[in-house]
Amino acid sequence: MNRELLLREVLKFTRRWDDHWVIKFQGMKREQNKAPEIFNNLINLYTEPSREHHNFEHINECLEEFDKLRMLYLIKHTLVMKMALIHHDAIYVPGRKDNEERSNELMRDNLKALGFTGWAMDKASDLVLITNSLAVPKIGDEFYLIYEKIWKLSHGKIHSLR
């Protein structure tokens, strides 16, 4: 990804973070707001030079598809789903087979630091881990079905989670 495009995608993500996430996280009444530290870590991860597809352009596409679908469906717990979308490729080392698991661990640590409940962390984990082709989806789960639709749209309908 060229430098100009990278900067544009980082700025787009920054606006989304500032507009939505920081406000909600500050409302969780933590002694220390971890959102800026988490944000900076995500910026560093998604701008690593080895990333061609698993980068901010991809994450922004996922979030844009989510916003479109959110208008069509009454989606509950949108923050949980957005956190899963943001983190699903946070850890990406080409050739490694545990990228999803490592991304999930990072996400759980981040969600815990931000004050999310155990239920929310578990639900977000289910979503991150279904991006692993070996995972067995929970058939009929509203979260899974919408997440799969976002996944397919953001990948040009070429890939499937199954």
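Look up a bit, the structure's there.
These numbers come from a predicted model, not from an experiment.

Peer 1: I'd like a description of the overall build of the chain, backed by residues and values.
Peer 2: The number of helices and strands found in the chain is 7 helices and 0 strands. Looking at the chain residue by residue over its 162 residues, the buried ones come to 48%. A sequence separation of at least 24 residues applies to 62% of the contacts in the chain between residues at least 6 apart. Looking at the chain as shown, the accessible area adds up to about 9,100 Å², and 53% of this sits on carbon and sulfur atoms.

Peer 1: Before we move on, can you summarise the packing of helix α4 (residues 78–87) against helix α5 (residues 99–113) with the specific residues and values?
Peer 2: For the pair α4 and α5, the least separation of the axes is 9 Å and the interaxial angle reads 135 degrees. What the angle tells us is that α4 and α5 run oblique. The two elements α4 and α5 cross, and the hand of that crossing is right-handed. Packed against α4, whose contacting residues are Met83, Ala84 and His87, the element α5 presents Ser103, Leu106, Met107, Asn110 and Leu111 at the interface. Grouping the constituent residues of the contact of α4 with α5 by class yields 5 nonpolar, 3 polar and no charged.

Peer 1: Describe the environment of glutamate 105, listing the residues and the values that go with them.
Peer 2: Tracing the backbone through its elements, the reader meets glutamate 105 in helix α5. Glutamate 105 gets classed as exposed once you look at its relative accessible area, which sits at 52%. Considered as a pair, glutamate 105 and histidine 87 are 18 residues apart in the sequence and their alpha carbons are 9.7 Å apart.

Peer 1: Pulling in residues and values, what's your account of the pattern of salt bridges?
Peer 2: Two side chains carrying opposite charge are able to pair once their charged atoms lie near each other. In the structure shown here, the tally under the stated rule is 6 salt bridges. Ionic pairing is found between lysine 12 and glutamate 9, a salt bridge with its closest N-O pair at 3.9 Å. Taken together, the residues span about one helical turn, with lysine 12 and glutamate 9 both in helix α1 (residues 3–26) at a distance of 3 residues. For arginine 108, the salt bridge goes to aspartate 122, with nearest N and O atoms at 3.1 Å. Placement of arginine 108 in helix α5 and of aspartate 122 in helix α6 (residues 118–129) is noted, with a sequence separation of 14 residues between them. Taken together, the shared-partner salt bridges in this structure form one network comprising Glu9, Lys12 and Glu64.

Peer 1: Please provide a residue-by-residue account of α5, values included.
Peer 2: Compared with the 21 Å implied by 1.5 Å per residue over 15 residues, the 21 Å span of α5 between its first and last C-alpha is a close match. All buried positions along α5 are accounted for by Asn99, Glu100, Ser103, Asn104, Leu106, Met107, Asn110 and Leu111. The arc that holds the buried residues of α5, viewed along the axis, is 165 degrees, so those residues lie on one side. Turned more than 90 degrees from where α5 packs its buried face, Glu105, Asp109 and Lys112 sit exposed. Contacts made by the buried residues of α5 are with α2 (35–46), α4 and α6. Directly after α5, the chain includes glycine 115, whose backbone phi takes a positive value near 90 degrees.

What counts, and where the lines are drawn
Every chain begins its residue count from 1, and numbering advances along the sequence as written. In keeping with the predicted nature of the model, local features appear solely for residues at pLDDT of at least 70, side-chain atom pairs appear and are counted solely at 80 or more, and the whole-chain, interface and lining totals rest on all residues. As a convention, hydrogens and water are excluded, and side-chain values are obtained from all of the structure's heavy atoms. Here a helix means four or more residues in a row that DSSP labels H or I, a strand means two or more in a row labelled E, and each is numbered from the N terminus. Only protein chains enter the calculation, and the probe is 1.4 Å; a residue is then buried if its accessible area is under 20% of its type maximum, exposed if over 50%, and partly exposed in between. Whether two residues are in contact is decided by their heavy atoms: any pair within 4.5 Å suffices. Under the convention used here, a 1.4 Å probe and the Shrake-Rupley method define accessible areas, while residue burial counts only the protein chains that appear. Lines fitted to the C-alpha atoms define the axes, with helices restricted to the stretch that makes contact. Angles between their N-to-C directions range from 0 to 180 degrees. An angle below 35 degrees is read as roughly parallel, one above 145 as roughly antiparallel, one from 65 to 115 as roughly perpendicular, and any other as oblique. Here is the rule for handedness: rotate from the far helix to the near one, and if that takes an anticlockwise turn smaller than a right angle the crossing is left-handed, while a clockwise turn gives right-handed. Classification used: nonpolar for Ala, Val, Leu, Ile, Met, Phe, Trp, Tyr, Cys and Pro, charged for Asp, Glu, Lys and Arg, polar for all others including Gly. Salt bridges are identified by distance alone: a Lys or Arg side-chain nitrogen within 4 Å of an Asp or Glu carboxyl oxygen. Here the expected length of a helix is defined as 1.5 Å per residue gap, with one fewer gap than residues. This arc is built from the directions going out from the helix axis to the C-beta atoms.

Interpretation in functional terms is not warranted from these geometric data alone.
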